[in-house]
Amino acid sequence: MKILLTGGAGYIGSHTAVELASAGYEVVIADNFSNSSPVVIDRLETITGKRFPLYEINVADKAALEKVFEENKIDAVIHFAGFKSVGESVKVPLSYYRNNIDTTLSLMEVMDKFGCKNLIFSSSATVYGKRASLPYREDMETGPCTNPYGWTKLFIEQIITDHAKADPDFSAVLLRYFNPVGAHESGLIGEDPKDIPNNLVPYIARVAVGTLPYLSVFGNDYPTKDGTGIRDYIHVTDLAKGHTAAVNFAKNHKGTEIINLGTGNGTSVLEMVKAYSAASGKDIPYKIAPRREGDIAECYADATKAMELLGWKTDLSVDDMCRDSWNWQSKNPNGYK
Ligand code: UFG
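In short, a report on the structure. (Residues numbered from 1 in each chain as written. Predicted model: local features only at pLDDT ≥ 70, side-chain atom pairs only at ≥ 80, totals over all residues. Heavy atoms only, no water.)

Description of the overall build of the chain
Then step 1. The helix and strand tally for the chain stands at 11 helices and 14 strands.
Then step 2. Over its C-alpha atoms the chain spans a radius of gyration of 19 Å, differing by no more than 12% from the 20 Å that the globule rule assigns to 337 residues.
Then step 3. Seen through its principal axes, the chain has C-alpha atoms that stretch 55 × 45 × 40 Å.
Then step 4. Each charge class in the chain can be summarised by its mean position, and for the 35 positive and 42 negative side chains these summaries are 2 Å apart. (Helix = DSSP H or I, 4+ residues; strand = E, 2+ residues; numbered from the N terminus. Rg over C-alpha atoms; globule rule 2.2 N^0.38 Å. Lys, Arg positive; Asp, Glu negative; His and termini not counted. Charge placed at Lys NZ, Arg CZ, Asp CG, Glu CD.)

Here's what the structure looks like:
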């Protein structure tokens, strides 16, 4: 089976390419490297021994995308391509709506033209509304989202659901990720934020490696065990394996399924700082700062549906996530540059 990964050179896409290849799937990558690097393709070859066919295209460009489908019999698509910075999306919402929604519409129209009926979409736990109660279950209410990035995920979920309703042969799996962190055990691929990281673990990694002086802990007055925010961190390798499980599942499935990919466990900011410090052997200086706008106290998954439908659960611990993040960060202090 041949699987097209849009955004396949990105953080989650590249780790998924490794897992799909090791499960015996053929992988084709479409990426314009807007937030990734061509070096990833070489690194993937080192890890897997395979040179994945690469199309350096914007997925919104239908003519370019049609060429991918003309040259390959694509059985399923995993759609990772998209802008993903929460803060940036607040500053340039039109660019987020244009990019994330255009790429999805172009992709789905081209899939339709070529009779490709199998789509797996990178969604996010960010779609759960403020009224949803913990742990988040897939049948809970969604929205309102706190930022345009989150809305693009929710709108795209709706677009895909409507299409699957109209085409009874269509299979859609909407994967709601919790907080992916860590890196491949080889240290050859990992997360490489363009600027100063917004997310906790990449930020801590830069403090540990010495390129940033200290971490700002956004709030220590939340109603949580130590007052800091709690999230469901998931090792990117476990997350990638969740995609392989979703591809296996989708072969014999029609209609839309929404599935959380998380561990079901919550970790606080201060617990993560402690675990990272232990994994890296480095001191992680931090200062308590005001709460970050839009943040919630706690977020973690109910992971039972993934087990029931996909037979998938996470294996790796927070210590594993920190060890592998540090392995990547220390071997690649400047990312892919
Ligand atoms: N945090 C800090 N200091 C930092 C960065 C983060 O204290 O410098 C705290 C946050 O306040 C929060 C926790 O660390 O409590 C995690 O923050 P992240 O920015 O790493 O992750 P978020 O949960 O805010 O957001 C992530 C993704 C989104 C996605 C969301 C889904 O970045 O894309 O999870 O729940 F939508």
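Details of the packing of helix 7 (residues 200-209) against helix 9 (residues 269-280)
Then step 1. Where helix 7 meets helix 9, the axes come as close as 11 Å, and the angle between the chain directions of the two elements is 40 degrees. When the interaxial angle is binned, helix 7 and helix 9 end up oblique. Read as a crossing pair, helix 7 and helix 9 show a hand that is right-handed. Of the residues in helix 9, those touching helix 7 at Leu200, Val201, Ile204, Ala205 and Ala208 are Val269, Met272, Val273, Tyr276 and Ser280.
Then step 2. Looking at side-chain class alone, the contact of helix 7 with helix 9 contains nine nonpolar, one polar and no charged residues. (Axes fitted to C-alpha atoms, helices over the stretch in contact; angles between N-to-C directions. Parallel < 35°, antiparallel > 145°, perpendicular 65-115°, else oblique. Left-handed = near helix turned anticlockwise from the far one by under 90°. Contact = heavy atoms within 4.5 Å. Nonpolar A, V, L, I, M, F, W, Y, C, P; charged D, E, K, R; others polar.)

So, the pairing of strand 5 (residues 118-124)
Then step 1. Burial within strand 5 is extensive, with seven of its seven residues counted as buried.
Then step 2. Because side chains alternate across strand 5, one face comprises the buried residues Asn118, Ile120, Ser122 and Ser124, and the other comprises Leu119, Phe121 and Ser123, equally buried.
Then step 3. Pairing analysis gives seven bridges linking strand 5 to strand 6 (residues 171-177), with the strands arranged parallel. The residue of strand 6 that forms the bridge with Ser124 is Tyr177.
Then step 4. With helix 6 (residues 148-166) bridging strand 5 and the parallel strand 6, this β-α-β connection has right-handed handedness. (Buried < 20%, exposed > 50% of the residue type's maximum accessible area, 1.4 Å probe, protein only. Pairing = 2+ DSSP bridges. Right-handed = clockwise from strand over helix to strand, strands pointing away.)

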